[in-house]
Amino acid sequence: MALARKSDSPDRYTANPSVLTALRTPRLLTREVLAGLVVALALIPEAISFSIIAGVDPQVGLFSSFVMAIAIAFLGGRPAMITAATGAVALVIAPVARDYGMDYFIATVILAGIFQVLFAVLGVAKLMRFIPRSVMVGFVNSLAILIFVAQVPNLIGVPWLVYPLVAAGILIMVFMPRITKVIPAPLVAIVLVTGAAVLFAFTVPTVGDQGELPRSLPSLFLPNVPFTWETFTIIAPFAAAMAVVGLLESLMTAKLVDDITDTHSRKTREAWGQGAANVLSGFFGGMGGCAMIGQTMINVKASGARTRISTFLAGVFLLVLVVGLGDLVSIIPMAALVAVMIMVSVATFDWHSIKPSTLKAMPVGETAVMVATVVVVVVTHNLAIGVIVGVFVAMVIFARRVAHFATVTRDVRLDETVPTARYTVDGELFFASSNDLTTQFEYVADPDRVVIDMSASHIWDASTVAALDAIATKYESHGKHVVFEGLNEASSQFRGRLAGKLGVGH
């Protein structure tokens, strides 16, 4: 039977197509190569911008993106996902470079990578299963908004020629796939817009205006910091924050790519792969990073890449472009890259989620979770905080919802000629549903014998045991005898360990 296959079967994680298949198939290989080139071009201004945010030299972000893309191509658990320097990570560790200098900054990146490897060993990646779909939709939508908002500075206070160039780039990407999909539309848009700007000598902002590109290869960098407890206490808080933010963003992006490609990825492998990539990035003078949703969407959705080849070549092309072809890359108009990112934001947004018909059919709580996630991410510009808040809101709404599933019914009858009040408790009992449990019994009106049938319920936590102890104590204070019956084995053992030991009534 098909259902008999275990959920962790290796077949679920087999890449399709595989790297070997892509290498043997010219059409697939061409797609992967061109996708990697498009991503590399889009990475350059992003890496420079994130370096500025972190308060370090542009080459720090560029070298970090190169090292991490190459490393994750071999170590990561999600084929075709792009990892490089990111804004979220830059924001978290920027104070280190400002207050303590470059050596402490790099030490922080290396320690963050070590933390991520430890998180992987502890199985933190498995917690992804507890992120609700509504949070995922909010994550995607807020990401699309952030990608678009990030392009706004490149559209304000610029020469008027920027606008027709951006419009032309968008139109090329809209209509190009209808002609052919052999060459990625974003690459065609970048080439044609750049050609037009050079041919007609348009004076518009270019990649070269964003910062100076490096002229040499990255070299080994050993941070010169004291190997002491004091150093650890300085960098550990920033490293821990970077590890959590980077890991959460990477695992969320991996899950998104899983959904888009209808494949599965190894989240634990991705977690330690991200950690190892950050450690390598630090030792080559990089600022670290995590999965990049925008560039991943360019690679997977816009360009159609599916294998590790595109990720590897994105890193290779990035190095070749900035070191070997820096003069050529510097003339690319920012308008071309802005057009690509605007199309990525439009394609990333889940438009179905905001359709009136969808909102009408969706429970109010689900919509509230999605909106809360989007609002927090957009306000804080931090995807990790938004996801955490979204999960918290979802937990509260879920707890309130299931709290009303537990019911208590009362029936007074003669049991072997003895007047008996029989209660039937139905539902799952935990802190939310058991809080009001003590108020649903008639302590004064009930006869001297009370039976509480628990066969249709289950005890999940100590709060419920405490509530049952309180019920028994109240009946005893009125001189009445209460019996709990029908507990399943797990509930009986759990209550047996805690009953009378929680301080209730003392």
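One can find the structure itself at the top, above this paragraph.
If you're wondering where the values come from, they're calculated on a predicted model, not measured in any experiment.

Caption draft 1: Region of interest: the environment of Leu-34. By secondary structure assignment, the location of Leu-34 is in helix α2 (residues 26-54). Residues Leu-34 and Pro-186, 152 residues apart in the sequence, show an inter-C-alpha distance of 9.8 Å. Residue contacts for Leu-34: discarding those within four places in its chain leaves Val-182, Ile-183, Pro-184 and Leu-187.

Caption draft 2: Region of the structure containing the packing of aromatic side chains. Scanning the model with the defined rule gives 10 aromatic pairs in all. The interplanar angle of 55° and the centroid separation of 4.5 Å between the aromatic rings of Tyr-423 and Phe-441 together place this pair among those described as tilted. Placement of the pair is Tyr-423 in strand β4 (residues 418-429) and Phe-441 in the loop between α18 (431-434) and β5 (449-459), with a sequence separation of 18 residues. Neither residue differs from the other here; Tyr-423 and Phe-441 are each classed as buried. Their ring planes at 55° and their centres at 4.8 Å tell us that Tyr-443 and Tyr-475 sit as a pair that is tilted. With Tyr-443 in the loop between α18 and β5 and Tyr-475 in helix α19 (residues 462-477), this pair connects stretches of sequence that are 32 residues apart. Residue Tyr-443 shares its accessibility class with Tyr-475, and that shared class is buried. One cation-aromatic arrangement involves Arg-495 over Phe-484; the distance from NZ or CZ to the ring centre is 4.4 Å.

Caption draft 3: Structural view of the side chain of Lys-267. Tracing the backbone through its elements, the reader meets Lys-267 in helix α10 (residues 267-283). Its relative accessible area of 18% is what places Lys-267 among the buried residues. At a separation of 3.0 Å, a polar atom in the side chain of Lys-267 contacts the side chain of Ser-265.

Caption draft 4: Layout of the layout of surface pockets. As a volume, the largest pocket reaches approximately 800 Å³. As for the largest pocket, its lining consists of 32 residues, of which Glu-46, Phe-50, Gly-87, Leu-146 and Ala-150 are closest to the centre. Going through the elements one at a time, α2, α4 (87-100), α6 (133-151), α11 (293-302) and α14 (334-348) are the ones with two or more residues in the lining of the largest pocket. Class assignment of the residues belonging to the lining of the largest pocket gives a composition of 20 nonpolar, 10 polar and 2 charged.

Parameters at a glance
Residues numbered from 1 in each chain as written. Predicted model: local features only at pLDDT ≥ 70, side-chain atom pairs only at ≥ 80, totals over all residues. Heavy atoms only, no water. Helix = DSSP H or I, 4+ residues; strand = E, 2+ residues; numbered from the N terminus. Contact = heavy atoms within 4.5 Å. Phe/Tyr/Trp six-rings, centres within 6.5 Å; stacked < 30°, edge-to-face > 60°. Buried < 20%, exposed > 50% of the residue type's maximum accessible area, 1.4 Å probe, protein only. Lys NZ or Arg CZ within 6 Å of the ring centre and 35° of its normal. Polar contact = N/O pair within 3.5 Å; in protein donor to acceptor, adjacent residues only side chain to side chain. 1 Å grid on protein atoms, 1.4 Å probe; cavity = no way out; pocket = protein on both sides within 12 Å on 5 of 7 lines; lining within 4 Å. Points joined across faces, edges and corners; volume = space filled by probe spheres on them. Nonpolar A, V, L, I, M, F, W, Y, C, P; charged D, E, K, R; others polar.

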